[in-house]
Amino acid sequence: MATQQELQSLFNTLDRDQDGKVSINELFLSPGLSAIISSETNTNSPQELLVRYDSDEDGSITFEELKEAVKEAGNFVAN
């Protein structure tokens, strides 16, 4: 389970170019962190995460999309 602060920290670490989005390439550059994201969102791969939760279909995940995925998986703890 992740708090918003923990999720934001994880997102910021993944967002290497600091553009406010995590691309498929950034997910693959951090396999350990991608595994954490997969477990928190109940997805099997970065590709599945994008297919299921990239609501604006821009090929990347924003913090809000990630937070929604974690909430949907029942792994978000409001703080």
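Residues numbered from 1 in each chain as written. Predicted model: local features only at pLDDT ≥ 70, side-chain atom pairs only at ≥ 80, totals over all residues. Heavy atoms only, no water.

**Student:** Explain the packing of helix 4 (residues 46-53) against helix 5 (residues 63-72) here, please?
**Tutor:** The description of two helices packed together rests on the angle between their axes and the distance between the axes. In the contact formed by helix 4 and helix 5, the axes pass within 10 Å of each other and the chain directions differ by 95°. In terms of their interaxial angle, helix 4 and helix 5 are classed as roughly perpendicular. Judged by residue contacts, Leu 49, Arg 52 and Tyr 53 of helix 4 engage Glu 65, Ala 69 and Glu 72 from helix 5. When the residues that make up the contact of helix 4 with helix 5 are grouped by side-chain class, the tally is three nonpolar, no polar and three charged. (Axes fitted to C-alpha atoms, helices over the stretch in contact; angles between N-to-C directions. Helix = DSSP H or I, 4+ residues; strand = E, 2+ residues; numbered from the N terminus. Parallel < 35°, antiparallel > 145°, perpendicular 65-115°, else oblique. Contact = heavy atoms within 4.5 Å. Nonpolar A, V, L, I, M, F, W, Y, C, P; charged D, E, K, R; others polar.)

**Student:** Quick question: what am I supposed to make of the packing of helix 3 (residues 31-41) against helix 5 here?
**Tutor:** Orientation of helix 3 relative to helix 5, taken along the N-to-C sense of each, is 50°, at an axis distance of 7 Å. The orientation of helix 3 relative to helix 5 falls into the category oblique. Residue-level inspection shows Ile 37, Glu 40 and Thr 41 of helix 3 in contact with helix 5, the latter providing Leu 66, Ala 69 and Val 70. For the contact of helix 3 with helix 5, the residue count by class is four nonpolar, one polar and one charged.

**Student:** I'm lost on unusual backbone geometry in this one. Help?
**Tutor:** Apart from glycine, the bulk of residues carry a negative phi angle, and the bulk of peptide bonds sit in the trans form. The residue Gln 18 is not glycine, and still its phi comes out positive at about 55°. Summarising the element assignment, Gln 18 is placed in the loop between helix 1 (4-14) and strand 2 (21-23). Of the residues examined, Gln 18 reaches a relative accessible area of 54% and is grouped as exposed. Its identity as a non-glycine residue notwithstanding, Glu 57 has a phi of 50°, on the positive side. Within the secondary structure layout, Glu 57 lies in the loop between helix 4 and strand 3 (60-62). (Buried < 20%, exposed > 50% of the residue type's maximum accessible area, 1.4 Å probe, protein only.)

**Student:** Help me understand helix 4 in this model?
**Tutor:** In an α-helix, one turn spans 3.6 residues, which is why side chains three or four residues apart end up on the same side. Residues of helix 4 that are buried include every one of Pro 46, Leu 49, Leu 50 and Tyr 53, and no others. Projection of helix 4 onto a plane perpendicular to its axis shows the buried side chains occupying an angular sector of 100°, all on one side. Contact partners of the buried residues in helix 4: helix 2 (24-29), helix 3, strand 3 and helix 5. (Arc of directions from axis to C-beta.)

**Student:** Can you help me understand the nonpolar core in this one?
**Tutor:** Nonpolar side chains tend toward joint burial in soluble globular proteins. Core analysis: the largest hydrophobic core is formed by 16 residues, its most contacted members being Leu 7, Leu 14, Ile 37, Leu 49, Ile 61 and Leu 66. Listed by contribution, the elements that provide at least two residues to this core are helix 1, helix 4 and helix 5. Those residues in contact with Leu 7, other than ones at most four positions away along the chain, are Phe 63, Leu 66, Lys 67, Val 70 and Phe 76. (Core = buried A, V, L, I, M, F, W, Y, C linked by side-chain atoms within 4.5 Å.)

**Student:** Help me understand the environment of Ala 78 in this model?
**Tutor:** Looking at the secondary structure, you find Ala 78 in the segment after strand 4 (76-77). As for Ala 78 and Ala 2, which are separated by 76 residues in sequence, their C-alpha atoms are 8.5 Å apart.

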